[in-house]
Amino acid sequence: MGQRFGLSKSKLMAFWQCPRRLWLSVHRPDCVPADETNDAVLAIGTDVGVVARLGWPEGILIAPDGPLEAALSQTRAALAARRPLFEATVQQDGVLVRADILVPRPRGKAFDLVEVKSSTSVKDYQLADIAIQAQVFAGAGVSVKRRVLHYINSAFIYPGDQCYREIRPDGTENSLFAAEDVTAVVQPLEAEVPGWIVEARRTLAGAMPEMTDSCDDPYPCPYQAFCHADAPEYPLSCLPRIGAGAIEVLSGAGYTDVRDIPEGVLSNPTQEWVRQVTRAGRFDRRPGARAALRALDYPRYYLDFETIQFAVPIWRGTRPYEQLPFQWSCHREERSGTVSHTEFLDLSGADPTRPFALALIEALGAKGPICVYNQGFEGRVIRELATRHADLAAPLTALLARLVDLLPLTRAHYYHPAMKGSWSIKAVLPTIAPDLDYAGLAEVQDGGGAQEAYREAIDPATAPERKKVLDEALRRYCGRDTQALVRLASFLGGG
Ligand code: SF4
């Protein structure tokens with residue numbers, strides 16, 4: 001009999017995604033790069049969990065960070081007292097689980113198990129997650145009657161004053177959480193859990209399993225750099241809009257790198273263009289963009305927004321995950337070639353959307369094209385601002401007709417092999433203006449980093465010196481985005 005590996009819900013969920021992921025998490029934890037995104041996801045989940053507990057003010061929190069033995073004995077005592085429990089912890093047959101909320105039923109000895117998620121709908125993998133908990137709790141002698149999933153109700157409008165559930169005067173409910181009783185769908189899965197445990201242990205006792213194609217399903221796997229280290233320089237996934245089926249067909253024909261594919265195999269014109277450029281090893285700039293750009297009047301504005309989303313809204317009148325703008329950068333180009341810069345950033349922690357809109361209207365004046373990269377995003381933010389601040393709707397809506405989207409223009413006229421199938425500004429910029437590469441920015445290098453910096457900056461616990469560093473990093477990052485658009489327009493226009 002070999003080593004008997006201890007398991008937890010997160011390990012079983014890793015196994016559920018990909019046996020190799022579980023194996024690597026135990027035998028090769030060193031090959032995970034530091035991943036800040038996971039921290040942000042965790043922070044969102046924590047907020048949501050804390051707010052969910054407000055529904056049971058008499059509940060007992062089992063210290064999740066203390067010694068395991070203490071959590072286990074506290075849980076036993078609290079179960080006996082029949083009070084609602086948060087982070088109730090049990091270990092059964094070497095499998096450790098914690099339940100977000102256990103609620104004693106009014107009669108009898110059973111409990112309802114409440115799992116709290118920050119998603120806005122019920123996902124399959126969440127059912128597996130609940131099945132593992134319910135099965136282990138049952139094995140530990142805790143009778144679970146109902147399995148209930150609390151997830152975020154995206155229609156919730158925050159009324160302010162820390163209120164996350166209210167009955168409106170018209171009798172309708174406005175609640176941050178939607179609840180779904182998933183007992184009927186989870187119970188059949190529970191019968192499979194003992195088999196998962198056996199298989200997970202067998203996996204851990206064996207050699208490293210083969211790779212699967214679940215690397216982003218249901219979550220991005222942190223071992224991708226390790227598993228795909230030997231991937232070809234231009235994998236088939238570089239072909240734009242290629243589906244899994246087409247990749248399988250091409251792989252089956254023996255092609256692993258885009259450069260392997262001969263002429264006449266790809267029927268999609270964009271994929272064929274990418275293939276040709278990649279094989280040629282140098283960029284291609286097609287005619288057409290120049291005329292479109294030369295037709296633009298002056299002054300020309302180059303605009304970019306940064307937005308923030310909160311699972312638990314913090315500003316009155318806002319919804320969960322609503323994209324709320326807190327920063328913009330604008331470069332203005334005159335016919336003479338002179339370029340000036342204006343910007344807006346609000347790190348006060350108050351709702352920034354009104355001062356954002358007022359400053360934007362003033363900076364953009366009454367005429368001149370406004371160049372953006374992905375008009376869908378900027379256009380949506382402007383429309384939502386107009387809805388939110390009705391007195392500013394007319395000047396905000398007037399901006400929409402002036403938007404010029406450089407993304408489709410670039411996609412139709414420019415490709416460089418180093419873009420590897422992406423026309424994101426971060427993929428394009430290093431190929432046309434290496435001196436402006438985002439990697440040269442210190443603290444904030446992408447939209448996710450900007451959101452994290454913003455969250456930290458508005459946290460009252462953040463020291464003033466740190467806030468100043470974040471302020472500068474955010475201004476450099478957003479300013480770089482619009483500087484990039486000026487260079488891109490100049491490049492495509494042949495300047
Ligand atoms: S990167 Fe993909 S193959 Fe590798 S462990 Fe993760 S899910 Fe499995």
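The structure displayed is predicted, hence computed values, not measured ones.

### Section: the domain arrangement of the protein
Along its sequence, the protein is carved into domain 1 (7–205), domain 2 (235–242 + 256–281) and domain 3 (283–495). Once you take the C-alpha centre of each, domain 1 and domain 3 turn out to be 38 Å apart. Between domain 1 and domain 3, the contact holds 17 residues from the first and 12 residues from the second. Among the elements that make up the side of domain 1 that touches domain 3, the one with the highest residue count is helix H3 (residues 36–53) (seven residues). Grouping the constituent residues of the side of domain 1 that touches domain 3 by class yields 10 nonpolar, five polar and two charged.

### Observations concerning the nonpolar core
The tendency in soluble globular proteins is for nonpolar side chains to be buried as a group. Grouped together as the largest cluster of nonpolar side chains are 56 residues, with contacts concentrated most on Leu12, Ile101, Leu102, Leu113, Ala131, Phe137 and Ala200. The dominant element in this core, judged by the number of residues it contributes, is helix H5 (residues 124–139), at seven residues. Not counting the four nearest positions on each side in its chain, Leu113 is found in contact with Ala99, Leu102, Ile130, Gln133, Ala134, Phe137, Val144 and Arg147. Residues Leu324, Cys371, Val428 and Leu492 belong to the second largest nonpolar core, which totals 54 residues.

### Here we look at the site of the ligand
Taken together, 13 residues lie near the ligand, and Cys18, Met211, Cys215, Cys221 and Cys227 sit nearest. When residues in the shell around the ligand are grouped by element, the largest group, three residues, is from helix H2 (residues 19–27). By residue class, the composition of the shell around the ligand is seven nonpolar, four polar and two charged.

### Regarding unusual backbone geometry
Here the residue pair Asp217 and Pro218 is connected by a cis peptide bond, since its omega of 5° sits within 30 degrees of zero. Here Pro218 is to be found in the loop between helix H7 (193–205) and helix H8 (224–227). The omega torsion across Tyr298 and Pro299 is 0°, close enough to zero to call that bond cis. In this structure, Pro299 sits in the loop between helix H11 (289–294) and strand E11 (300–308). The phi torsion at Lys420 lies on the positive side, around 45°, for a residue other than glycine. Its place among the elements puts Lys420 in the loop between strand E16 (414–415) and helix H16 (425–432).

### Observations regarding the pairing of strand E13 (residues 339–345)
Of the pairings in the sheet, the one linking strand E12 (residues 324–333) to E13 comprises seven bridges and is antiparallel in character. Residue pairing in the sheet places Ser329 in a bridge with Glu343 of E13. Hairpin remark: E12 followed by E13, antiparallel, with five residues in the connecting loop; positive phi at Gly337, about 100°.

Rules of the game
- Residues numbered from 1 in each chain as written.
- Predicted model: local features only at pLDDT ≥ 70, side-chain atom pairs only at ≥ 80, totals over all residues.
- Domains from an automatic or database assignment.
- Contact = placed C-beta atoms within 7 Å.
- Helix = DSSP H or I, 4+ residues; strand = E, 2+ residues; numbered from the N terminus.
- Nonpolar A, V, L, I, M, F, W, Y, C, P; charged D, E, K, R; others polar.
- Core = buried A, V, L, I, M, F, W, Y, C linked by C-beta atoms within 7 Å.
- Buried ≥ 20, exposed ≤ 12 C-beta atoms within 10 Å, placed from the backbone.
- Near = placed C-beta within 6 Å.
- Pairing = 2+ DSSP bridges.

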